[in-house]
Amino acid sequence: MSNEVKTEVKEAKKEVKIDPAYQGYVFLGWASGLFELKNGEKRPYHNMYVFSPVSDYVSDEYEASGFKAEKKKCISPDVWAGMNPGDKVRLFFDDKGRVVEAALDG
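Parameters at a glance
- Residues numbered from 1 in each chain as written.
- Predicted model: local features only at pLDDT ≥ 70, side-chain atom pairs only at ≥ 80, totals over all residues.
- Heavy atoms only, no water.
- Phe/Tyr/Trp six-rings, centres within 6.5 Å; stacked < 30°, edge-to-face > 60°.
- Helix = DSSP H or I, 4+ residues; strand = E, 2+ residues; numbered from the N terminus.
- Buried < 20%, exposed > 50% of the residue type's maximum accessible area, 1.4 Å probe, protein only.
- Patch = residues over 30% accessible without salt bridge, like charges linked within 9 Å, V, L, I, M, F, W, Y side chains within 5 Å.
- Areas by Shrake-Rupley, 256 points an atom, 1.4 Å probe, with all protein chains shown as cover.
- Salt bridge = Lys/Arg side-chain N within 4 Å of Asp/Glu carboxyl O.
- Polar contact = N/O pair within 3.5 Å; in protein donor to acceptor, adjacent residues only side chain to side chain.
- Contact = heavy atoms within 4.5 Å.

Draft legend 1. Representation of the packing of aromatic side chains within the structure. Counted according to the given criterion, the structure contains three aromatic pairs. Ring centres 5.2 Å apart and planes at 15 degrees place the aromatic pair Trp 30 and Trp 80 in the stacked group. Of the two residues, Trp 30 is situated in strand E1 (residues 25–36) and Trp 80 in the loop between strand E3 (63–73) and strand E4 (88–93); the sequence distance between them amounts to 50 residues. Residue class for Trp 80 comes out buried when judged on its relative accessible area of 6%. Taking 6.4 Å as the distance between ring centres and 45 degrees as the angle between the ring planes, the aromatic pair formed by Phe 35 and Tyr 45 counts as tilted. With Phe 35 in strand E1 and Tyr 45 in strand E2 (residues 42–58), this pair connects stretches of sequence that are 10 residues apart.

Pasting the structure below:
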């Protein structure tokens, strides 16, 4: 493994702290590539991974609190450009539920 790759891996393992009081999305990372359809055609995919808050809820049959991890489809890898794991972000969606823009939130 080259020194350049080792440096990138070391930087990627930076400690991430999540503020439990924050009620928005927290950027965790991303994945981008090609997937193959049944007909052999290849299409690009761009996904970002985030934590989002779970509203505190209690009923006789269900209870939820804290955060949930989510995969969000994005229109391009430009959406997460300049973001680092642990960043608080605001997400903006199109009518198909894909992330079209993300901005740092405070």
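There is more to say, and it comes next.
Draft legend 2. Local environment of a nonpolar patch on the surface. On the surface, a nonpolar cluster with roughly 220 Å² of combined accessible area is contributed by Ile 75, Phe 92 and Val 100. Mapping Val 100 onto the fold places it in strand E5 (residues 99–104). With a relative accessible area of 34%, Val 100 lands in the partly exposed category.

Draft legend 3. Structural view of the side chain of Glu 70. If you trace the backbone, Glu 70 turns up in strand E3. Within polar-contact distance, the side chain of Glu 70 engages the side chain of Lys 72 at 2.9 Å. Discounting chain neighbours no more than four positions away, the residues touching Glu 70 are Tyr 25, Met 48, Tyr 49, Val 50 and Ser 52.

Fair warning: the whole summary comes from geometry, so function is off the table for now.
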